Every structure is written in C-alpha cells, then in structure tokens.
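Structure assessment
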Amino acid sequence: MARIEKDFLGEKRINKNELFGIHSLRARDNFPDNTPFHKEWYKAVGLTKLACYLTYKSFKKAVLEKYAGKKLPFEFIDDNILTALIESAEEVSEGKYFNYFIVPAIQGGAGTSINMNVNEIISNEALIKLDHDPGEYNIIDPIEHANIYQSTNDVIPTSLKVAAIQLLLELEEMINELRSEIEGIEHKSRNTVRIAYTQMQKAVPSSYAMLFSTYNEALSRDWWRVSKCFERIKVVNLGGSAIGTGIAVPRFFIMEVVPALQRLTNLPVTRSENMPDATNNLDSLVEVHAILKSHAVNLEKMVSDIRLLASDLVGQGEISIPKKQVGSSIMPGKVNPVIPEFVISAAHKVYTNDSLISSLSAQGCLDLNAYLPVIGHALLESIKLLIAANKTLKDNLFNELKIDNVKAEERLYNSPSITTALSPYIGYHKAAELANEMKNSSCSIYEANKKLQVLGQQKLKQIISPQNLLKMGFSMDDII
C-alpha cells in the first residue's frame, strides 16, 4: 500500500510504512549518487534536534508560567506530541532508523535534504508512537513540529561540528596509542647503532632509536595539534536560523539551545558571538582539515620509510614487517607491504579532501555556503580514514615489527659511512683514505685501519663505540 504526500511542487506516492517523506524522495531522485551519508553526522543531527526539543519544552514552560491566564499569539505543541518528538530524536541520536535516511552524501541545497530527511523520520516515528500512521502530517508535521525554531543552516553545520569533535576525540586517542607503540620500539633500540641515509645513500652513523624518535616526535605534534582542533570548531550557530540573525526564533531559545546541546553531548560547544559569521564562513573547517593533512603527511613519511627499509630492494634484513596476507594470485610466497600501502592511500585521499574543502569553502556566497554537505562529508571521511590508519599501524604493523640490531651494527662497521666519526680526530682526507680502503677491499673499519695504520686500534674502538657515536656532537675533552 502507498500514501500520497504533497508539497507546493506537487505530490509523490510513498510506501505506507516508510519513515521518509516527499522531501527525502525528491532529494534521492534529484541526486542519483550512491555515496553513503556518514552515520555519525546523522546521529549528531538527532542530538542537535533533541537539544532543540528540550529547549522548546523549557521555553513553553517558562512562557506559560510567566503569562498564565493571558491569551498568547500562537499555540504551543501539545505535550504528548513533544514527548514523542523527544523520544524519536533520542532514538535517531542512537543511530536508529538510519535505513530510512535515503539522501546521498553528494547533494545540492546546503543541507536542506539532510534536515528534511531527519525531520520526516522523527515526525513519522513520533506519529507511530502516538498510534497514527506515517504521513499524517495534520497531526505531526515535519516542518511545523519537527523543525520548530530550527533552520537547515544552523542545525546541519552544528551537527557536523558535533560529529567532527566526537571523531576527533577518537583520533586523538588513536594517535596517542600509536605514539606509545612507537616509543616502545625506540626504547628497545636505544643503545645500538645503524647506518643513516640521506638521499637514499649511506650517510653517517645513527640508531633505530633516533629514527623512531623522529616518528614519535612527529606524532606528539600531531596529537597536540588535534587536541587544539576542538577550540577551532566548538563555536556553533545553533539558534541563528537562516543566516545567523535569529529571525523567527524566540530569544529564550537562542540563549538556551546551545547550553542544552552542551549538556547532552558533554562537548565544549559554545554559541558564536557573531552567528552570521559562524553561518557564513567555514574557515575553521579549513583550518582543522589542514591539521589533519599534516598528520597524514607524517603518517605517509613514516610508513614510506618502513616500507623501504623492509623491502627486497634494500634487502638487508635489518627491519622486517609482519606478513599480513598473501600478496599474489600468481607468484607463490609473495607478501606485500599492504599496511603501509593502505596508509599511503588514505593519506592521499586526505590530501584530495583538503583541496576540496579549501576550494568549496571559498565558494561560499554572501550569507551562506551551499556546499556544506560535501565539505562536511570530506571532513568526516578524512578523520575516519586517519583513525583507521592509526589503528591498523598500531595493531598490524608496529606491534609486530622486528629490528635486527646486531645485523644493523655489523653493517655499520663494514660501511665507509662510519669514517665520518673520525674526521675530528684525523681530518677529512685521512678519513677519506680509510673510506676508500674499505670500499676497495670490502673490509671493516678495523681491517682498513690495521692496514693503513691511521689510528691505534684501541683509540679507534673508543671513537666508534656505540655510546660515543650516539652522543650529540663532541667536546674538546673527547679529542685531546
């Protein structure tokens, strides 16, 4: 069976028991895309509307108490309807009825389709709770009731920020967990040496502890920057209505709705002091995503290093990464570095999203940005990709990564690169003689020095001991 719904453009037939309505159906027909909308944003819309209904309830109570016995210019929503709206919004905030959300992520209309799809779900579910059929909008209307004192232009960006902050909290935690895992690797390799490389060529003595400390420091900066994102996007325009002026919204509602949302979410959301600015400009989202891009850059650099060091091209066996899945349908025994490849792929999607968010944020026109839906989709996608990247790096790469410190040390002492450490003692040219001898004879630093008699063997051993090589610079006491 079907029901008929109408708007000022005409009418549509909808299956009787569907919780979506004509506005959602038009959007699905107009935007024939299959990119799924983020459930986190959907749930945040439910939370935002719940805050609106609870604030409306408080407004109704305050007005009826203050103006008891006086004739009011409008009627309030009945308590039983308001209760049904509150319960339905709470269920949406838990992710229920998401299968009735049929608007794709890529859309036009500044988010009106998102707002109306949720309004229709809430209205129709509230109707069912009161033993009515979906579509009986003469009783509960998606606009008159579910959208009371709201606008797409304040509800949808506010809910985006709620969803983003919730995901950023998860990302912050995952970065810290990954950083802790890498710090453990750093500690295990603290007193052993390796060859460092510049421009993919052997350079000077170093250690894996030093290498992994650079990843640890980068992730620490990422963690700090992400923790500051909340300050950038906590300012919302809820209550501002169409363009942030609060037109057609009670002042009581404007003052109280954001504190209600703060209590519901336990997040530091706060009402903007200039709500037209918060409605018009999306530069805070651009800034936050730039921080996400920085994190993606650090992850890509790190996994690219690990992939190279563990590759068959290098083939030295100092670093080995876990074997996670069969690498080929034709080459027996082949195992690929799939975790680094996933992280690199995710990082480049973040870079693409950064370009999209920047360019479409600049496309905002006068008092509103019509491209908020795709901007918000890209922002949430990037955060979720980075959460996934950090999680799989912790669980599937660094947790089982192995370093052969003995082999690394052995290779260093057989590499001409170690002669750099001798320059303060014997000068560049004599160090170069030792380096050439090592290359030509394929021998260790000890064998080359024994042949050329540049230094006493005991002095050489002291100079190139791990503890001396890993010191920061040298003092005059070291060489006198």
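The coordinates are above.
Since this is a predicted model, take the numbers as computed values, not measurements.

Moving on: the overall build of the protein chain. A tally of helices and strands in the protein chain yields 17 helices and 8 strands. Against the 2.2 N^0.38 benchmark of 23 Å for 480 residues, the protein chain shows a C-alpha radius of gyration of 31 Å, more extended than a compact globule. Principal-axis analysis of the C-alpha atoms places the extent of the protein chain at approximately 105 × 55 × 35 Å. For the protein chain, buried positions account for 51% of its 480 residues. Contacts spanning at least 24 positions in sequence make up 73% of the contacts within the protein chain whose residues lie at least 6 apart. When the accessible surface of the protein chain is totalled, it reaches about 23400 Å², and 51% of it is carbon and sulfur. The averaged location of the 56 negative side-chain charges in the protein chain is 5 Å from the averaged location of its 52 positive side-chain charges.

This brings us to the environment of N191. Mapped onto the elements, N191 comes out in the loop between α5 (152–188) and β3 (194–198). N191 sits in the exposed class, given a relative accessible area of 62%. With residues up to four places along the chain from it excluded, the contact list for N191 reads P466 and L470.

Within the secondary structure layout, E172 lies in helix α5. This buried residue, E172, is left without a salt bridge; K228 holds the nearest opposite charge, at 8.7 Å. When sequence neighbours within four positions are dropped, the list of residues in contact with E172 reads W223, V226, S227 and F230.

What follows deals with the packing of helix α2 (residues 39–66) against helix α7 (residues 251–265). At a minimum axis separation of 8 Å, α2 and α7 run at an interaxial angle of 130°. Of the possible angle classes, the one that applies to α2 and α7 is oblique. Note that α2 runs across α7; the crossing there is right-handed. Contacts between α2 and α7 involve L47, T48, L50, A51, C52, L54, T55, Y56, S58, F59 and A62 from the first element and F252, F253, E256, V257, A260, L261, L264 and T265 from the second.

In this structure, L168, F212, L393 and F398 are the most contacted members of the largest nonpolar core, which totals 111 residues. With residues near it in sequence (within four places) discarded, F212 still touches I182, I185, E186, I306, I319, F398, L401 and I403.

The contact between α5 and helix α11 (residues 372–398) brings their axes to 9 Å, and the two run at 20°. One finds that α5 runs roughly parallel with respect to α11. For α5 against α11, the interelement crossing comes out left-handed.

As paired elements, β3 and strand β4 (residues 201–206) share 4 bridges and run antiparallel to each other. Across the sheet, residue R194 finds its bridge partner in β4, namely S206. Hairpin connection, β3 to β4: the antiparallel pair is bridged by 2 residues, and Q199 has positive phi, about 55°.

What follows covers unusual backbone geometry. The backbone of A110 sits at a positive phi, close to 65°, despite the residue not being glycine. The topology assignment puts A110 in the loop between α3 (79–93) and α4 (112–129). Backbone geometry places L366, a non-glycine residue, at a positive phi of 55°. Along the polypeptide, L366 turns up in the loop between α10 (338–362) and α11.

Criteria and cut-off values
- Residues numbered from 1 in each chain as written.
- Predicted model: local features only at pLDDT ≥ 70, side-chain atom pairs only at ≥ 80, totals over all residues.
- Heavy atoms only, no water.
- Helix = DSSP H or I, 4+ residues; strand = E, 2+ residues; numbered from the N terminus.
- Rg over C-alpha atoms; globule rule 2.2 N^0.38 Å.
- Buried < 20%, exposed > 50% of the residue type's maximum accessible area, 1.4 Å probe, protein only.
- Contact = heavy atoms within 4.5 Å.
- Areas by Shrake-Rupley, 256 points an atom, 1.4 Å probe, with all protein chains shown as cover.
- Lys, Arg positive; Asp, Glu negative; His and termini not counted.
- Charge placed at Lys NZ, Arg CZ, Asp CG, Glu CD.
- Salt bridge = Lys/Arg side-chain N within 4 Å of Asp/Glu carboxyl O.
- Axes fitted to C-alpha atoms, helices over the stretch in contact; angles between N-to-C directions.
- Parallel < 35°, antiparallel > 145°, perpendicular 65-115°, else oblique.
- Left-handed = near helix turned anticlockwise from the far one by under 90°.
- Core = buried A, V, L, I, M, F, W, Y, C linked by side-chain atoms within 4.5 Å.
- Pairing = 2+ DSSP bridges.

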